[in-house]
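# Architecture at a glance
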Amino acid sequence: MATLEVEIIPVLADNYVYLVRESGSGATAIIDPPVVEPVLERLAEKGWKATWILATHHHTDHVDGILELKRQTGAEVAGPAADRARVPGIDLALSEGDHFRLGAAEALVFDTPGHTRGHISYWFKDGALFCADTLFSLGCGRLFEGTAEQMWSSLEKLRRLPAETLVYCGHEYTQSNARFALTIDPENPALQARAREIDQQRAQGLPTIPTTIGAERAANPFLRPDDPVIRRRLEMESASDAEVFGEIRQRKDNS
């Protein structure tokens, strides 16, 4: 099994850029860079050479650094085939079921529309998911270009991944997500414990990322529209999972 090293780089107000290195080959990917200098600085600190830049979707706070980083590092760019026209510099266009190799590490690509129509996520079979703005810790992305049905279908794909999968998302939204989640599922002991842990982490200035798929299945209401307790609380016992998810998303939008 390949060994992945992940460096978390906080940028802008609440974004995360990730450096992912496959230890055997030294192949290194930059994921969703909106800026240049902090990424180059971290690469220099680690002594790593970027070989790939991976994009998940077209929003400027995920792509604005791509072309300059490509110019300065010589890295190739992989990104969503469905959004090739809106993501700069793509050399390798990827979509559902494609496999991406970073040295000896292999990632399976999922189409995960909802937040945007062309969003993709990368699941490295060695145990790491890079899902940007589809799945957050205790949350999910806003539906800017997709429907509740599309986003729920995307989240179902991610929910089925192994419980131990580390989840690296695009933003540090976890504390506010926890406050909202407790309005939907206030008696959930896993959520209560996670909320306390998050408050402690943020008080120390620590990231709440990565989380795991198992932790999110237990505590994230956006992954649990089929839970009977949540359905009763929302008075939606006979609704579809997508309808319950849509109601939770709407409540978050209005919170």
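For the structure itself, consult the block above.
So, here's what we can say about the structure. (Residues numbered from 1 in each chain as written. Predicted model: local features only at pLDDT ≥ 70, side-chain atom pairs only at ≥ 80, totals over all residues. Heavy atoms only, no water.)

## Some remarks on helix α3 (residues 66–73)
What α3 keeps buried is the set I66, L69 and T73. End-on view of α3: buried residues confined to an arc of 70°, all on one side of the axis. The inward-facing, buried residues of α3 contact β3 (28–31), α1 (37–46), β4 (52–54), α2 (60–63) and β5 (76–80). Just downstream of α3 lies G74, where phi reads positive at about 80°. (Buried < 20%, exposed > 50% of the residue type's maximum accessible area, 1.4 Å probe, protein only. Helix = DSSP H or I, 4+ residues; strand = E, 2+ residues; numbered from the N terminus. Arc of directions from axis to C-beta. Contact = heavy atoms within 4.5 Å.)

## Some words on the sheet that holds strand β9 (residues 120–124)
Here six strands make up an open sheet; going across it, the order is β7-β8-β9-β10-β13-β14 and the pairing mixed. Edge positions in the open sheet fall to β7 (99–102) and β14 (211–212), since each of these has one partner strand only. Both β9 and strand β10 (residues 128–132) contribute to a ladder of three bridges, which runs antiparallel. Across the sheet, residue F124 finds its bridge partner in β10, namely A128. Sheet strands in contact with helix α4 (residues 148–159) are β8 (105–111), β9 and β10, and its direction is about 155° off that of β8. (Pairing = 2+ DSSP bridges. Axes fitted to C-alpha atoms, helices over the stretch in contact; angles between N-to-C directions.)

## Topic: the sheet that holds strand β2 (residues 15–22)
Read from one edge to the other, the open sheet built from six strands follows the order β1-β2-β3-β4-β5-β6, with strand pairing classed as mixed. Edge strands, defined here as strands with exactly one partner in the open sheet, are β1 (4–11) and β6 (92–94). Strand-to-strand, the axes of this sheet are offset by a mean angle of 20°, without reference to chain direction. Bridging between β4 and β5 involves three bridges; their strand directions are parallel.

## Here we look at the side chain of H57
Structurally, H57 can be placed in the loop between β4 and α2. A distance of 2.8 Å separates a polar atom in the side chain of H57 from a polar atom in the side chain of T56. Here D133 takes part through its side chain, which lies 3.5 Å from a polar atom of the side chain of H57. Excluding residues within four positions of it along the chain, H57 makes contact with D32, H62, V63, V87, H115, T116, H119, A132 and D133. (Polar contact = N/O pair within 3.5 Å; in protein donor to acceptor, adjacent residues only side chain to side chain.)

## What about the packing of helix α5 (residues 174–184) against helix α9 (residues 241–253)?
Orientation of α5 relative to α9, taken along the N-to-C sense of each, is 130°, at an axis distance of 11 Å. Overall, the two elements α5 and α9 adopt an arrangement that is oblique. Where α5 crosses over α9, the handedness of that crossing is right-handed. Between α5 and α9, the contacting residues are N177, F180 and I184 on the first element and I248, R251 and K252 on the second. Its residues assigned to classes, the contact of α5 with α9 shows three nonpolar, one polar and two charged. (Parallel < 35°, antiparallel > 145°, perpendicular 65-115°, else oblique. Left-handed = near helix turned anticlockwise from the far one by under 90°. Nonpolar A, V, L, I, M, F, W, Y, C, P; charged D, E, K, R; others polar.)

Interpretation in functional terms is not warranted from these geometric data alone.
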